[in-house]
Every structure is written in C-alpha cells, then in structure tokens.
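Chains, contacts and geometry: an overview
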Amino acid sequence: MVKRVSVVDVDLCVGCMMCVFACTRRFGEGGVSKSAIRVASIGGIERGFTVIVCRACPDPPCAASCPTDALKPRKGGGIVFDPAKCVGCGNCVRACPYGALMWDEESSKPIVCTYCGYCVNYCPYGVIKLEEVKEVVARAP
Amino acid sequence: MHPRDPLPRVLYIDLSSKKYWVEERKELFEEYIGGTGVAINLLREEVPRGADPLGPENAIVLTVGPFNALYPMASKTVAMFKSPLTGNLGESHAGGRSAIAIRLAGYGAIVIKGASNIPVWVSVHGSKVYFRDARALWGVRSTHTVGRVLREVEGGHGFRTIMRIGRAGEKLVRYACVVVDTFRHFGRLGLGAVFGSKKLKALVVVGKGSVPVADKAGYRRVYDDLYKRIIGTPATKKYHELGTAENVLPLNELGALPTMNLKASRFERAEEISGERLAERYLGRRVSCAHCPVACIHLAVLREPYEHEPYFYKTTFVSYDYEPIYACGAMLGMSSAEGLLKVLDAVETYGLDAMSTGVALAWMTEAYERGLVTEKETIVKPAWGDYASYLKAIECIVEQPNEFYAALAKGVEHASKVYGGAEFALAYGGNEMPGYHTGPAAHLGYALGARHSHLDSAGYSYDQRTVGKKVSVEEVVAYLLEEERWRQVLTSLVLCLFARGVYTPQAVVEAFKPLGWELSENDLREIGKRIHLLKLKYKLDEGFSFDQLRFPKRIFETPSPHGALDPAFMEQAVKLYRSRVEEDLKSLEAAQRE
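This section reports on the structure supplied with the text. Not measured: the values here are computed from a predicted model. (Residues numbered from 1 in each chain as written. Chains lettered and ligands numbered in written order. Predicted model: local features only at pLDDT ≥ 70, side-chain atom pairs only at ≥ 80, totals over all residues. Heavy atoms only, no water.)

Comments concerning the pattern of salt bridges
Residue and element names in this part refer to chain B. Worth spelling out the cut-off: The rule for a salt bridge is simple: a side-chain nitrogen of Lys or Arg has to be within 4 Å of a carboxyl oxygen of Asp or Glu. Secondary structure elements are taken from DSSP: a helix is a run of H or I of four residues or more, a strand is a run of E of two residues or more, and numbering for both begins at the N terminus. In this scheme, a residue with accessible area under 20% of its type's maximum is buried, one over 50% is exposed, and one in between is partly exposed, where area comes from a 1.4 Å probe on protein chains only.
Applying the stated criterion across every chain yields a total of 41 salt bridges over all chains. For E241, the salt bridge goes to K237, with nearest N and O atoms at 3.2 Å. Taken as a pair, E241 and K237 lie in helix α8 (residues 234-241) at a separation of four residues, close to a single helical turn. E241 gets classed as partly exposed once you look at its relative accessible area, which sits at 40%. One connected set of salt bridges, linked through shared partners, spans E366, R370, K553, R554 and E557.

Written out as structure tokens, the structure reads:
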C-alpha cells in the first residue's frame, strides 16, 4: 500500500504553517518556496484555515493533463514526477481542483508532494497524518 | 551569513515621489544582526533630529532578522519610527505573517519615507512594489472591512501580510495602532498615526521565497532541537491553553492588577474577566503567528441578538490578551466579560492601542469623578464598568468632537497637563502604563526602558520572583540593564519574547552556526549593549532627560506586592541607572572616535 498525507480535522489547525516550513526544510532551506503543502485562512483567520496538500487521487487529473509524461499516476494512488521530462507548461496546476500542485518560481516546474510525511512530524495539533491510501472505486466504467 | 541570504537587502519606498529602490547593507546587518539593531541605525540615518513625528520627514522602518523564516518562534517584525505620542523613540513589534512575508519577499528591512498627496496603499510582491489608490478606502469605519477588501484584491493568499490602519490612524490619534493580519498589532507608541500622516492606509507584503543556509544538516539538527524544546516547555502549554489571559487571576491574587485607574491593585470582579472565564464561555478559536507552534492568539466569540429581528444574531470574533483585559477591563472596573469584549472590539475596529485607550478612559473617569472635567467635556457620563458610555467615548477619542477629546487623543500625559490630574495620569515618558503593579522593578522598567514598555526589561517578572525579599537598588538596576540589553539581541533576530526561555544565549550561538554566522555569547552581549546605548542616545538627542522622569504619584498610594513603593528608592535607582548608562555612552563614543 502507498501512503499519502491526509487532513484529519482542519478545525484543529491554528495556521502556524509549521508543516509548510518543514516541507521546504527537506531541501535544507528555510522558507516556503519548495513546499508542496500550503495553509491559508479562509477569508480572515477568525474563520479558520484550509490545508492544501495532494490527496493522492486514484485517477489523478493532473497526470492526465501532462503532455510529456513527466507526471504519471502512481500505482495505488497519487503521482510520480520526473522533472527531466517536464517542460513547465503548467497544465497540471490548472487541472487540480484543490490547487494542490504549487509552482516553483525558480525552476518553473510544479512542486509535487512525494508523500514522505516529513511535514506531519511538525504538526503540533494532529491536523495532518500520514496514512495508507485506501482503494477508491471511483473510475468511470 | 550565507552569501545568497537576502537579509541585507533594504527596500526603500518614498511615498512623496512614489519611487522605490533597494540597497545592500551587508555590513550593517553583520554588525547589528537585524530587527531592533538594524532599525535603530536606519532610523538615525533617515529621520533628522527634531523631526515632526507627523511630518513627511519621519520614516517608518520595518525590520526582520536572520532567524525569521528559519527557526520556530522567530515570528516578529520590528517597527521603528519617531513616536507622535512621546515625541521620541517609537518602537513596536508585531507577529502575524508580517516577518515571514517580509523575509521571504527577499528583504531584511523596509523603509517608508515621505508622505503621499492622496491616500494610498503600498503592495510589495517580491521584487515589485505597487502604489495603489486608497482614496476609496479612506474613512471606512472598520479595520476589518479594510482587511476584507485587500484580501480580495491582492494576490499571494497564504503568504502575505496585510498591515492597515483604521479611523484612529487617519484621525492621527497619537496612540493609533497598525492592525496586522487581523488581531495582531504594532500597538504601542502610535505607528498608526504615522501611517495616517503619510496617507498610507495599508502595506501589503507577499513573500514566497526561501533562505539558504551554510550547513543544511546542521540547520535541521538545530531546528529539531529547538522545536522539541518549544513543544516540551510549560510556557508553551500555558500560552496555548489560556493564553496571556491566564495572568489575570494570579496577578489579582498577588495584588498587582491595576484596577480603576490604579485606585486599587485588586479587582473584586476579576473572575468575570479572567482567562478561565473567557475560555470557558467565549473562546472560539486559537490561532498562531506564522512559524510558531504555540498559538497564543485567543479569539472570543461574541454573539449578540439583533434588536429588531428575533432569533437573528451578530457573531463577532474578538481577540483578547492579558494587557487589553487589564486596560479595558480591570482599569475600567468592567465587571462583565461581554462588556469587555465589546470595548475590545471597538478598539480593534477603530485601530487603537488597547493599553493607551484603556488608561486614557480610566484617567477620564477619575477626572470626571473629581470634577476636573464635566459632561460638557466628556459628552458621556463615564462610570466604572459602564461599557456603553466607554463605547461612545472611544468613538469620541477617534472623531474628536471637542477640545477635550482632541486632548485625550494625544494621551493622558498631555490631557492631564490641560485639565489637571497629573498625579493619577498613568504614563511614563508619555506612554500609558502597562498592566503590572508588581513592585519597584516594573515601574522602574516603564520609566527607564527605551520604549517605556513592560517588554523592555520585564521588571514585573523580577518583582514576582522577589516578593517577600529585600532587594537593593544595585540589584534592581543590574537586572534591568542586563535584561534590556539581552532583549535587544532577541528582538534583532527577531524572536517572539515568549521564546526567551528556549533561546538562551547558548542556544542562540548554536542556532547561528549553521547559518554561517560566527558569533560568541560575548559578541552577542556586546551587540545587545551597543543597540541599547544607540537607542538611549537617540532618546537623549531627541530631548529625553532623566531629570524630567516622572513617576505618577498614584503608584506610591496604592500598595503593591512589595508594599507601598518608596519614592526615595525609585529616585536612587534612576540615579544609579543614569550614571551607569552615561558611563557606557562615554565609552561607546570614545570607541567610535577611535
């Protein structure tokens, strides 16, 4: 079974962005420019937050929109990314209804979650967790 | 510093000419770190001596430091300016997303100069700066509305800070604040009025970048160590659960909670406005500044029925903390939590500093009781606990319908000069007093601290540790100086002061290493001392005088946990403090001449 980062209860989120910083820190940098997870208020912090991260779709529309096979479906759900094949067209970013593919301004390529779960280790309030992708029977017949 | 760290980049924005440019100030940052240290230097460069705080010659200096965006709880931005409230050094700190946005937009400092001919808001998107017409936003009643509008029209959702002023800033109330990302503030010393004087309605900064470090593995190791300590410390739990409001009951029990303009130091209805009561009945959400796991920001939910429609409610979120509860609660004899929350909401709506506003209203109430002012001046009938009259009075402070409110909008020190009542006007150096009547160290800290803030040197903490003990003048002065100087380092990094227990001198030294900075504890302490002296020098140059320091008579009348404060003790402490810093200033000047 493959893993994904899932949002357990978004109402537990305090908007600290520890997960966002963790994701870029994987590359040994401080900041947010390489982060595949994002936290934003839903119109003022008093209303709470939204946590946006790849949900590892069983039939990912982002991969379907990729003209160069740089993004391919991962077996069991989600995607794998081959930056060498990516021409930076941005179709994938537009294809994801969650906006879960971020854009790396430096490389002009998408930032793709690798489902490593590093961010989960820094969430103090149990908002996100690393879990196995459950089989979803959602494919059109 | 890593050669590609964008920290030394200073963004200059001139509102008069609507131009902007960037200068590299590597040496300045290496010598003074960032935050407070860099800000005091930029302020001295930019603002000529004797400048009018509300004139175009004043500047707004916003700085961040090397730890912002890199380490947890480095979440603050320092604002420096000449204060229109005190006519001297203005310094205020705010969190929210401000520090992260500025740092990740690629700057260590933003300097805003001049004044615009029309209302504008300035929008910084990475390397681009836009001047936008804010004429349609000028005069809008609520800072919440301004935030809502800017959220819609500006990009960078999730990676931006939106700083704005309210009506109080537009009307140049000398203690108007700047609201940062909703519910955080550059609260003290009137930055809101400086924004207003420049016709600057708001500043939006979007930052999505990152910061390189010299030793990646070392950086992650130090980070994890700090993170574990933050999560494991009892202070984190305290600030998360009840927030700073937790201090209401212990301070009340101690007899250190200034009540009804400090006519008392205990409030019999303190329970009603305590952190516990607010959390049980009203707490709706806890939120955090960016890159801080603590989430100390507590938002109460106020549910008010509409008068003319049954079963229809107005639901308002109101941020509360210890200091606003002190100033707009205990100081006003506010025995209902709901009344307190309504007052705090008004303060937020208009963009006022909660502490100064509460102290001003408390002074007004006592002046009215004593007949120094009448309803002709106050328009309302001020009475302890009567929140409805205070709500009206707050509106009057902002709109200034008569001479009395125009005077009160300049602070209690000014108002008491006009109407009398200086002996119970609770201000230090022109800044309204913070919420701790704990003993001599707290009041000495307010008087001697460079920004007349409880956060300069936390005398309240020293007082609480020494209750029941005899402390000498020498001990108190040594503590205040050492603490204020170390805090210059913390606020140059720029850390939240709630993290001070985790970021010990040793921890700071270790955290610097992977970033490519070589600084020993001694180096840091020397820098802290130098920053402190530069701030003092600025103050002396601008007319601050130890001879004119005033302790409000009231503080000697109401007993503290250390008993009745002794004027002679305070006088001796001021004298000793003065001789120590004057000596240090002489050596600093001698060193600069060499």
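Let us keep going from here.
With respect to α8 of chain B
All names here are of chain B. Quick note on the threshold: It is the directions from the helix axis to the C-beta atoms that the arc portrays. Residue contacts are counted whenever heavy atoms from the two residues lie within 4.5 Å of one another.
Listing the buried residues of α8 in full gives T236, Y239 and H240. Down the axis, α8 shows its buried residues gathered within 100 degrees of arc, on one side only. Along α8, exposed side chains directed more than 90 degrees from the buried face belong to P234 and K237. Each element contacted by the buried residues of α8 is listed here: α7 (216-232), β14 (283-287) and β15 (297-305). Count one or two residues on from α8 and you reach G243, which has phi positive near 75 degrees.

A few points about the sheet that holds β15 of chain B
Residue and element names in this part refer to chain B. Selection criterion: By definition, two strands form a pair when at least two bridges between them are found by DSSP. Fitted lines through C-alpha atoms serve as axes, helices being fitted only where they are in contact, and the angles separating the N-to-C directions of these axes extend from 0 to 180 degrees.
Overall, antiparallel pairing links the three strands, which are arranged β14-β15-β16 in an open sheet. With one partner strand each, in any of the chains shown, β14 and β16 (313-320) form the two edges of the open sheet. Neighbouring strand axes in the sheet, compared pairwise and without regard to direction, differ in orientation by 25 degrees on average. Relative to β16, β15 runs antiparallel, the two sharing eight bridges. If you follow P305 over to β16, its bridge partner there is Y313. Of the strands in this sheet, β15 and β16 are in contact with helix α12 (residues 337-350), which crosses β16 at around 80 degrees.

A short note on the side chain of S416 of chain B
Residues and elements named next belong to chain B. Here S416 lies in helix α17 (residues 412-419). A relative accessible area of 5% means that S416 is categorised as buried. Not counting residues up to four positions away in its chain, the partners in contact with S416 are W363, G421, A422 and A425.

Some thoughts on the sheet that holds strand β6 (residues 109-113) of chain B
Residue and element names in this part refer to chain B. Spatially, six strands are ordered β2-β1-β6-β3-β4-β5 in an open sheet, and the strand pairing comes out mixed. Where the open sheet ends on each side, the last strands, each with one partner, are β2 (19-24) and β5 (89-94). Across this sheet, the average inter-strand angle for adjacent strands is 15 degrees, counted without regard to direction. The sheet contacts of helix α2 (residues 35-46) involve β1 (9-14), β3 (60-63), β4 (77-82), β5 and β6, and relative to β4 the element is tilted by about 25 degrees. The strands that helix α23 (residues 521-541) touches are β4 and β5; relative to β5, the one it contacts most, it runs at about 135 degrees.

Focus: the nonpolar core
Residues and elements named next belong to chain B. Definition in use: What makes a nonpolar core is a set of buried Ala, Val, Leu, Ile, Met, Phe, Trp, Tyr and Cys residues whose side-chain atoms join them at distances within 4.5 Å.
Counting residues in each nonpolar core, the largest one holds 251 residues, and the members touching the most others are F67, Y71 and W363. Other than its neighbours up to four places away in sequence, F67 contacts A74, L493, L495, Y503, V508, A511, F512 and L515. In terms of nonpolar packing, the next biggest core, distinct from the first, is built from nine residues, L137, V146, I162 and V204 among them.

Comments concerning the packing of helix α21 (residues 473-490) of chain B against helix α25 (residues 567-593) of chain B
All names here are of chain B. Put simply, the rule reads: Just so you know how the angles are binned, under 35 degrees is roughly parallel, over 145 roughly antiparallel, 65 to 115 roughly perpendicular, and the rest oblique. We call a crossing left-handed when the near helix sits turned anticlockwise from the far one by less than a right angle, and right-handed when that turn is clockwise. Classification convention: Asp, Glu, Lys, Arg as charged; Ala, Val, Leu, Ile, Met, Phe, Trp, Tyr, Cys, Pro as nonpolar; all other residues, Gly among them, as polar.
Between α21 and α25, the shortest axis-to-axis distance is 9 Å and the interhelical angle comes to 50 degrees. For the element pair α21 / α25, the angle class is oblique. Seen from above, α21 lies across α25 with right-handed handedness. Contact residues: V473, E474, V476, V477, A478, L481, E484 and R485 in α21; F569, Q572, A573, L576, Y577, R580, V581 and D584 in α25. In terms of residue class, the contact of α21 with α25 is made up of 10 nonpolar, one polar and five charged.

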